[in-house]
Amino acid sequence: MTRPIKNLGEAELEIMQVIWKAKRPVTSNYILKELQGRRKWQLSTLMTSLSRLSDKGFVRCDRSTGSNLYTPVISENDYKTKESKHFLEKIYNNSIKNMVATLYNNEVLQASDLEELRKYLNEFEDSAQ
């Protein structure tokens, strides 16, 4: 049985986005450099967060090379799927229609966004047939 995917805090998500984007094992110094401008962290702060991410089952640390290399255990897609499903259930009673209607009625979505969504759904439907 697989463990349920845990939630990420905002800073943890930023770290994971750096790791996912890299598409290869990365060092803590690489992550720290990528976070420059967004976070003013010391290496010790990042190491604490990486340790938490490891405890939560998000990253694996390979220490066999002499420098710690971090790789994701949970894919970006799996995390996004879990978070999107949770958000849709919690906020919109599991209704995509309600979500789109709320966003459109409050002018977050424009007509062009709806057209893009309509085009995507048509393409999706065509490929499913």
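Further up the page is the structure itself.
Residues numbered from 1 in each chain as written. Predicted model: local features only at pLDDT ≥ 70, side-chain atom pairs only at ≥ 80, totals over all residues. Heavy atoms only, no water.

**A closer look at the nonpolar core**
And step 1. Among the nonpolar cores identified, the biggest contains 21 residues, and I15, M16, I19, I31, L46, L50 and L53 are the most heavily contacted of them.
And step 2. Mapped onto this core, the elements with two or more residues apiece are helix 1 (10-22), helix 2 (28-35), helix 3 (43-55) and strand 1 (59-62).
And step 3. When residues of this core are assigned to their parent elements, the largest contribution, six residues, is made by helix 1.
And step 4. Beyond its immediate sequence surroundings of up to four residues, I31 is in contact with I15, V18, I19, V26, L46 and L50. (Core = buried A, V, L, I, M, F, W, Y, C linked by side-chain atoms within 4.5 Å. Buried < 20%, exposed > 50% of the residue type's maximum accessible area, 1.4 Å probe, protein only. Helix = DSSP H or I, 4+ residues; strand = E, 2+ residues; numbered from the N terminus. Contact = heavy atoms within 4.5 Å.)

**Details of unusual backbone geometry**
And step 1. A positive phi angle, close to 65 degrees, is found at N94, a residue other than glycine.
And step 2. Take N94: it is sitting in the loop between helix 4 (76-92) and helix 5 (96-105).
And step 3. Its relative accessible area of 48% is what places N94 among the partly exposed residues.
And step 4. Positioned with a positive phi, E107 is a non-glycine residue whose angle comes to about 60 degrees.
And step 5. Structurally, E107 can be placed in the loop between helix 5 and helix 6 (111-128).
And step 6. Judged by relative accessible area, E107 falls into the exposed class, the value being 65%.

**Let's talk about the side chain of E12**
And step 1. Tracing the sequence through the fold places E12 in helix 1.
And step 2. According to the relative accessible area criterion, E12 is buried, its value standing at 6%.
And step 3. A polar contact of 2.8 Å, which involves the side chain of E12, links it to the backbone nitrogen of G9.
And step 4. Ignoring anything within four residues of it in the chain, the contact list for E12 reads N7, R52, L53 and K56. (Polar contact = N/O pair within 3.5 Å; in protein donor to acceptor, adjacent residues only side chain to side chain.)

**Things to note about a nonpolar patch on the surface**
And step 1. There is a patch of nonpolar side chains on the surface, built from L117, Y120, L121 and F124 and spanning about 410 Å² of accessible area.
And step 2. Of note, F124 is situated in helix 6. (Patch = residues over 30% accessible without salt bridge, like charges linked within 9 Å, V, L, I, M, F, W, Y side chains within 5 Å. Areas by Shrake-Rupley, 256 points an atom, 1.4 Å probe, with all protein chains shown as cover. Salt bridge = Lys/Arg side-chain N within 4 Å of Asp/Glu carboxyl O.)

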